Amino acid sequence: MSALKLFDTMSREIREISPRDGKTFRFYCCGPTVYGPAHIGNFRTFVLQDVFRRVVELSGMEAFHVRNLTDVDDKTIRDSQGEGKTLTDFTNFWRDRFHEDCGRLNLLSPHVEPSAVEHIPHQIAMIEDLVSKGNAYASEDGSVYYKISSFESYGRLSRLDQRELKEGASGVMSDDEYDKDSASDFVLWKGRRDEDGENFWESPWGQGRPGWHLECSAMCREYLGDTFDLHSGGVDLVFPHHENEIAQSEACTGHTMADHWFHLTHLLVDGGKMSKSANNFYTLDQLAEKGFSAAELRYVLISASYRQSMNFVARDADGAETFPALLGARQALQKIARFERALAEKAGAADEDLEFETVKTFEDTGAFADAFAALQNDLNTPDCLGQIFSAMKTIKPAELDEGAALREWKGLRFVLEGLGLELPVEEEGAGGDVPENIRAMAEERLAAKQAKDWAAADRLRDEIAEAGWELKDTKEGYDLCPKS
Ligand code: AMP
Ligand code: ZN
């Protein structure tokens, strides 16, 4: 099987992925800050990381995947206090919610999911080490700062040039997040402040709490050692978060932190950054309320290369929410599902319930080999989808014998598991997996028809059609099927 290649932010090159120990590929993904529901932008990053993990495993390597939970930072503390909850109750609630969403999106669980609060002693030990080596210093308010001038290669990942460093390096930065213009000594330990309430821990520098950047360095070291295979996050994490992680970890250990850096470009909504005030902030629940499945969202999120920003169009020119990409994804998934069922029936595999682990044993990807090769080529998910449709055009399930159908079916299943795409299941007689809101509109239309309110009935039929469903009247009531 050919090798997996991926762009590396540090060297700015596409490089082959291979485990240091020749067996298990060990990697870390910066996880969610658990202070609210993850939005579809966060999930672009987590879904593409999941595709990466799947392709690693399907390429014949073992994977060891660590993804943390950021449960102590400026935001979790601020919002837990706003709700009058303990930090633990507050972050546990959002952690569980995150897990539910991950399940719906078919994300494989990381092998370890450490939380920052559970690793305070590890973080304190790291700061002590940095202070003793001259890379960090305590300030009068009981905080400890990292001295960026003490780390010669500071700025290497983000290519921060020396001029920017000199201009910015005069002050100190106590906020967890800041931009490139403020490259400066950053906080490792924050002395206790009134606004932190009960959220403080004892340390050699007095009561306080860790800074965000340090949390990941400590958890990486604990679970992956001084050097590991790959580190990953959204592109906004290149600076300052990952730059600071490198400075902390490498000054402590004297070793390169990670061999490969994998960053995912942001999702935009209607051409802009997602924000509640712009009314373009979508969560999985909000899309479900509008009748879209998590699989449809997953399809949209993988339909562009992770190296390019992706614009999720939610509204048309008049501002109406039309979600054209999700409707397109629905049709594409239906097409693949119909094809897959035809192959499975011909192959005598229609009742087989496959899991990722089972698919790993498939050796021959038949006509879908190019689709998998696209994934191994810098995780080119749009090319992979294109290759699936090309292969579907060349194969006529009805004309295949059982053996050939089985081979192609296995190839398709293999690639679909790589993408983590779950296909819609056809309901008996219903012509598809009908979302609740579409079913509700159809029921409303039936009632309107029975009340002879033809205008309302016509309007509802149009709305159903706009949402991608065709409604046919039958003797018993109606039938719904996805528009082809
Ligand atoms: P957070 O919960 O803010 O710590 O972010 C979790 C992950 O989502 C990080 O890897 C971020 O870089 C990533 N992320 C945040 N916003 C977006 C976006 N609009 N598109 C893609 N990834 C994002
Ligand atoms: Zn991190």
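Note that this is a predicted model, so its numbers are computed, not measured.

1. Some details on the environment of Asp176
By the element assignment, Asp176 lies in the loop between strand S7 (172-173) and strand S8 (185-191). Residue classification places Asp176 among the buried residues on the basis of a relative accessible area of 2%. Each residue touching Asp176, except ones within four places of it in the same chain, is listed here: Asp73, Asp74, Lys190, Gly211, Trp212 and His213.

2. Concerning helix H2 (residues 74-82)
Within H2 the residues assigned to the buried category are Lys75, Thr76, Ile77 and Ser80. Where H2 is buried, its residues meet helix H3 (87-104) and strand S9 (208-210). For H2, the N-terminal cap is Asp73; the gap from its side-chain oxygen to the backbone nitrogen of Lys75 is 3.0 Å. Of the residues one or two after H2, Gly84 is the one with positive phi, at around 65 degrees.

3. Points about the pattern of salt bridges
All chains considered together, the criterion is met by 35 salt bridges. Across the pair Arg459 and Glu463 runs a salt bridge whose closest N-O atoms are separated by 3.1 Å. Linking Arg459 with Glu463, this pair stays in helix H16 (residues 454-466), spanning 4 residues, or about one helical turn. According to the relative accessible area criterion, Arg459 is partly exposed, its value standing at 41%. A cluster of three or more residues bridged by salt bridges with shared partners is formed by Asp50, Arg54, Arg298, Glu340, Arg413 and Glu417.

4. Looking at a negative patch on the surface
On the surface, a cluster of negative charge is contributed by Asp316, Asp318, Asp458, Asp462 and Glu466. Overall, Glu466 belongs to the exposed group, its relative accessible area being 60%.

5. Points about helix H10 (residues 324-347)
Taking 1.5 Å per residue, 24 residues should reach 34 Å; H10 reaches 35 Å between its end C-alpha atoms and fits that length. With its phi angle positive at about 70 degrees, Gly348 sits one or two positions after the end of H10.

6. Thoughts on the site of ligand 1
Neighbouring ligand 1 are 14 residues, the closest being Thr33, Gly41, Thr45, Asp236 and Leu267. Residue Asn42 places a side-chain N or O atom 3.1 Å away from an oxygen atom belonging to ligand 1. The contact in question runs from an oxygen atom of ligand 1 to an N or O atom on the backbone of Gly234, over 3.0 Å. Relative to its unbound accessible area of 490 Å², ligand 1 is 88% covered by the protein chains. At the level of elements, helix H1 (40-58) and strand S10 (228-234) are the ones that each hand at least two residues to the shell around ligand 1. At 4 residues, H1 tops the list of elements feeding residues into the shell around ligand 1. Residue composition of the shell around ligand 1, grouped by class: 4 nonpolar, 9 polar and 1 charged.

7. A short note on the side chain of His39
Of note, His39 is situated in the loop between strand S3 (24-29) and H1. The buried category is assigned to His39, whose relative accessible area is 18%. Those residues in contact with His39 that lie beyond four places of it in its chain are Met274, Phe281 and Tyr282.

8. Focus: the packing of H10 against helix H14 (residues 402-419)
The contact between H10 and H14 brings their axes to 8 Å, and the two run at 140 degrees. In this view, H10 runs oblique relative to H14, as classed from their interaxial angle. Crossing geometry of H10 relative to H14 is assigned as left-handed. Between H10 and H14, the contacting residues are Ile336, Phe339, Glu340, Leu343, Ala344, Lys346 and Ala347 on the first element and Glu402, Ala405, Leu406, Glu408, Trp409, Leu412, Arg413 and Leu416 on the second. Across the contact of H10 with H14, the residue classes tally to 10 nonpolar, no polar and 5 charged.

9. Quick notes on the coordination of the zinc ion (ligand 2)
Coordination of the zinc ion (ligand 2) by the protein comes from Cys30 (SG), Cys216 (SG) and His241 (NE2), over a distance range of 2.0 to 2.2 Å. The class for His241 is buried, based on a relative accessible area of 1%.

10. Let's talk about the sheet that holds strand S4 (residues 62-67)
Spatial ordering of the open sheet is given by S4-S3-S10-S11, a layout of 4 strands whose pairing is parallel. In the strand order of this sheet, the two ends are held by S4 and strand S11 (258-264), each with one partner. Averaged over neighbouring strand pairs, the angle between their axes works out to 20 degrees when direction is ignored. This element, helix H6 (residues 212-224), spans S3, S4 and S10 of the sheet and lies at about 160 degrees to S3. In the packing of helix H7 (residues 238-253) onto the sheet, contacts are made with S10 and S11, and the angle to S10 comes to roughly 155 degrees.

11. Some remarks on the packing of aromatic side chains
Applying the stated criterion to the full structure yields 17 aromatic pairs. Relative to Trp94, the ring of Phe93 lies with its centre 4.8 Å away and its plane at 90 degrees, an arrangement referred to as edge-to-face. Relative accessible area serves as the criterion here: at 43%, Phe93 is assigned to the partly exposed category. Overall, the relative accessible area of 13% leaves Trp94 in the buried class. Note that Arg54 overlies the ring of Phe356, its terminal NZ or CZ placed 5.2 Å from the centroid. One Lys or Arg, Arg307, reaches over the ring of Phe7 and ends 4.0 Å from the middle of that ring.

12. A closer look at the side chain of Gln334
Relative to the assigned elements, Gln334 resides in helix H10. Filtering out sequence-adjacent residues up to four positions away, Gln334 remains in contact with Pro424, Trp469 and Pro482.

13. Some words on the confidence of the model for the protein chain
Averaged over every residue, the pLDDT of the protein chain is 92; residues scoring 70 or more account for 94%. With pLDDT under 50 throughout, residues 428-432 is counted as low confidence; its partners more than four residues away or in other chains account for 11 contacts.

14. With respect to the pairing of strand S2 (residues 13-16)
Sheet topology note: the strand S1 (residues 5-8)/S2 ladder contains 4 bridges and is antiparallel. By the bridge assignment for S2, Phe7 is matched with Ile14. Between S1 and S2, which pair antiparallel and follow one another directly, the connecting turn spans 4 residues, one of which, Arg12, has a positive phi of 60 degrees.

Calculation criteria
- Residues numbered from 1 in each chain as written.
- Chains lettered and ligands numbered in written order.
- Predicted model: local features only at pLDDT ≥ 70, side-chain atom pairs only at ≥ 80, totals over all residues.
- Heavy atoms only, no water.
- Helix = DSSP H or I, 4+ residues; strand = E, 2+ residues; numbered from the N terminus.
- Buried < 20%, exposed > 50% of the residue type's maximum accessible area, 1.4 Å probe, protein only.
- Contact = heavy atoms within 4.5 Å.
- Polar contact = N/O pair within 3.5 Å; in protein donor to acceptor, adjacent residues only side chain to side chain.
- Salt bridge = Lys/Arg side-chain N within 4 Å of Asp/Glu carboxyl O.
- Patch = residues over 30% accessible without salt bridge, like charges linked within 9 Å, V, L, I, M, F, W, Y side chains within 5 Å.
- Areas by Shrake-Rupley, 256 points an atom, 1.4 Å probe, with all protein chains shown as cover.
- Lys, Arg positive; Asp, Glu negative; His and termini not counted.
- Charge placed at Lys NZ, Arg CZ, Asp CG, Glu CD.
- Expected span 1.5 Å × (residues − 1).
- Near = heavy atom within 4 Å.
- Nonpolar A, V, L, I, M, F, W, Y, C, P; charged D, E, K, R; others polar.
- Axes fitted to C-alpha atoms, helices over the stretch in contact; angles between N-to-C directions.
- Parallel < 35°, antiparallel > 145°, perpendicular 65-115°, else oblique.
- Left-handed = near helix turned anticlockwise from the far one by under 90°.
- Donors = N, O, S within 2.8 Å, 3.2 Å for Na, K, Ca; no water.
- Pairing = 2+ DSSP bridges.
- Phe/Tyr/Trp six-rings, centres within 6.5 Å; stacked < 30°, edge-to-face > 60°.
- Lys NZ or Arg CZ within 6 Å of the ring centre and 35° of its normal.
- pLDDT = per-residue confidence, 0-100.

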